[in-house]
Each structure stands twice: as structure tokens, then as C-alpha cells.
Amino acid sequence: MRLTAGWQVPAEFVDEADTRELTDGYVVTGVEYDRDGTRRAYHVRPQRPTDLFSGAHESIRVPVEDMIHVFRPLGPGQVRGVSQLAPVLSTLSEYDQASDALLVGLKVAAMHAGFIVDANGTGGGVYDGHPTEGGITEVGLEPGAMYRLGLGEDVRFNTPDQAKDSAALLKTMRQQIAAGLGVPTHLLDGDLSDANYSSLRAGLLPFRAKVEQFVYHTLVPQFLDPTFRRFVTDEYLAGRLNITNLAPALTAEWLPPRHAQVDPQKDMAAAEAALRLGLTSRRQAVGQMGWNVAELDAENRSRPCP
């Protein structure tokens, strides 16, 4: 297989077991460095390591300028990223087991069955026309079934214990998972029964701050800026850009979309106040809404006056 431009490489394709020293550098978990610690290449497998018939193929060396590596650095010297699910993997497994156990308990509790006990041994050892062995036929529990146990035959009913506070337990575990992922609980399970406007806003504000931090400190420098520079350079070399100096065209300002608000009227009032106080520009406000300010003004001028 040959690597092509625009191919998204999953993390497992970069050979994690490739750690060695080179004459002019070194390789750490599939990432090649100069002796001064500068990244210069990635060693990518042609097939996924878990493929059934992957075969023995040499890794493909991809220069660092042809590879975009997006990950959240958590400490100095970090080579590869860590999954966002890493802090909650054990809790997720326990949550799955707990929900399965509670479901099985509810199914057993729904199977209300009676047992006929023969205390004196005078009962016939026949149940439903079939001879029994050891006092009971080998059948599964069924709702409303009666099972003959022999010896005196006294009817007793099973009372399986149901897990108490099962819903509260699962809710607590979901809160732990949401805290480990760094997201509000209602974004994880969609439960808004205990939420109000103030609690939702208080929970969303720090989460949106974390999203903006990820956008500006990880997504923009690692993915958006390199992609934009590569695109502009290719267009310039192809002669499709009517510019004389390429350097100014390689910079871009990224304006992520404005977060949706529960009350749009208050959101527009806040934007108007920010414009009036000079805390933002009209171009930025329009860009956050997904529009180009020049196109918006041209469209407004073309509209007839009301």
C-alpha cells in the first residue's frame, strides 16, 4: 500500500514498537528525531498491526512536513498522545458490568415462581407427567411456574432481592465518568431532570473554556495552521493566487463559532454591548456567526429597504 496525500493515519499505524538509535538521531515509538530533539519523520506501517494477514512489511518513513500529528501534550518530552478515555476505562468497564448485573437481577425478580416441598416424602416424584430426580425437574425458572421438590409438599415462593438504590449508583458512576472526561454530566447521559438554567450555565461555562483552550492551544497550531499554510502554498505554486508576496498570506485568524445560547435575545444583547464597549469588532462578531462580513454587507445593500 502506498501512502497518499490527505490520508488519515490512525495512531496504531505509527509503529509504537520502533525505538532505536540512529547515526544522526533516534527513533522513539515510531517518531524520528534529530540529535537536538527536533522531530523530522514518522515511521508508518503499511497495514494495521492487528490485521489478520498483515504480512511483514517495512515501515514507510514520512517526513514531518508531510504529516500532521494532533495530540494534547500533557508534559515536557511527551512523544505521543494519551486517549481521553484513559482515566475512566476501569470505571466504564465496572459501569457496564453493574448495568448488566442489575438487568439480570430485574429479570430474575420478574420470574415469580413457587416451590412445592414434600416434607414427609409422601409425594409422588412426578411433575407434569415426568418423573423427577432429586425432587425437581431440570427446567429453568418461568413466570408463574410451580416446582415439586418432594417430601411433604409445602408451597413456598421465592423472593429474590433487588439491588437497592441501583439508579442512584448508576447515576453516581456516570458522574464519575463525566468528571474523568471533563464534560458536564448532562452532555454524557442527556439527563436534564435535575438541571435548571443557572446550573446548566454554571456547568457549561468551564466546559466551554476548556473547549476554547483545546481549540487555540492544540487544534489551531497542530492542525489548522499547517493545513492552511500547505493549501495556500500549493495554490500559490499552481498560479491560482494573484499575489506577489506569499508570506502575509500564510497567516490566518481563526474565529470558532459562537456557542449556542438558551436565550438568543440575551446573546444578541451581550454581543451588542461588547461592540459598543469596543471589546470586539463587527468583523469578529459576524465571523463567529459563520458569515463573511463583506458578503453580509453586500447582501444587505442588495436588499430593498423595508
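Residues numbered from 1 in each chain as written. Predicted model: local features only at pLDDT ≥ 70, side-chain atom pairs only at ≥ 80, totals over all residues. Heavy atoms only, no water.

1. Concerning the overall build of the chain
Next up, step 1: Per the secondary structure count, the chain includes seven helices and nine strands.
Next up, step 2: Expressed as a percentage of its 306 residues, the buried residues of the chain come to 22%.
Next up, step 3: Put simply, 53% of the contacts in the chain that link residues at least 6 apart link residues at least 24 apart.
Next up, step 4: Element-wise, carbon and sulfur atoms account for 57% of the exposed surface of the chain, whose accessible area totals about 21,400 Å². (Helix = DSSP H or I, 4+ residues; strand = E, 2+ residues; numbered from the N terminus. Buried < 20%, exposed > 50% of the residue type's maximum accessible area, 1.4 Å probe, protein only. Contact = heavy atoms within 4.5 Å. Areas by Shrake-Rupley, 256 points an atom, 1.4 Å probe, with all protein chains shown as cover.)

2. Looking at the pattern of salt bridges
Next up, step 1: Scanning the model with the defined rule gives 12 salt bridges in all.
Next up, step 2: For E32, the salt bridge identified is with R40, shortest N-O distance 2.6 Å. Here E32 and R40 have matching classes, each one buried.
Next up, step 3: Two residues, R174 and D189, come together in a salt bridge whose shortest N-O distance is 3.1 Å. Of the two residues, R174 is situated in helix 2 (residues 166-181) and D189 in helix 3 (residues 185-189); the sequence distance between them amounts to 15 residues.
Next up, step 4: Each of D24, E32, D34, R40 and R61 takes part in salt bridges that share partners, so that together they form one network. (Salt bridge = Lys/Arg side-chain N within 4 Å of Asp/Glu carboxyl O.)

3. Brief notes about the packing of aromatic side chains
Next up, step 1: Scanning the entire structure with this criterion turns up two aromatic pairs.
Next up, step 2: Seen in terms of ring centroids, F228 and W254 are 6.1 Å apart; in terms of plane orientation they differ by 85°. Their pairing is edge-to-face. Placement of F228 in helix 4 (residues 197-237) and of W254 in the loop between helix 4 and helix 5 (264-276) is noted, with a sequence separation of 26 residues between them.
Next up, step 3: Judged by its relative accessible area of 28%, W254 is partly exposed. (Phe/Tyr/Trp six-rings, centres within 6.5 Å; stacked < 30°, edge-to-face > 60°.)

4. Focus: the pairing of strand 3 (residues 31-34)
Next up, step 1: As defined by bridge partners, strand 2 (residues 25-28) adjoins strand 3 across four bridges and the pair is classed as antiparallel. Considered in strand 3, the bridge of G25 is made with D34.
Next up, step 2: Across three bridges, strand 3 lies against strand 4 (residues 39-44) in antiparallel orientation. Bridge pairing in strand 4 places E32 opposite A41.
Next up, step 3: Between strand 3 and strand 4, which pair antiparallel and follow one another directly, the connecting turn spans four residues, one of which, G37, has a positive phi of 90°. (Pairing = 2+ DSSP bridges.)

5. Remarks on helix 4
Next up, step 1: With 41 residues, helix 4 extends just 53 Å between its outermost C-alpha atoms, more than 12% less than the 60 Å of an ideal straight helix rising 1.5 Å per residue.
Next up, step 2: Roughly 65° is the biggest bend found in helix 4, and it falls at V220, with proline P221 one to four residues downstream.
Next up, step 3: Buried residues of helix 4: L204, R208, V215, T218, V220, Q222, D225, V232 and E235, and no others.
Next up, step 4: Lining the buried residues of helix 4 we find helix 3.
Next up, step 5: The opening residue of helix 4, the one whose side-chain oxygen lies 3.2 Å from the backbone nitrogen of S198, is N196.
Next up, step 6: Downstream of helix 4 by a residue or two, G239 has a phi angle that is positive, lying close to 80°. (Expected span 1.5 Å × (residues − 1). Bend = angle between axes of the 7 residues up to and from the residue. Polar contact = N/O pair within 3.5 Å; in protein donor to acceptor, adjacent residues only side chain to side chain.)

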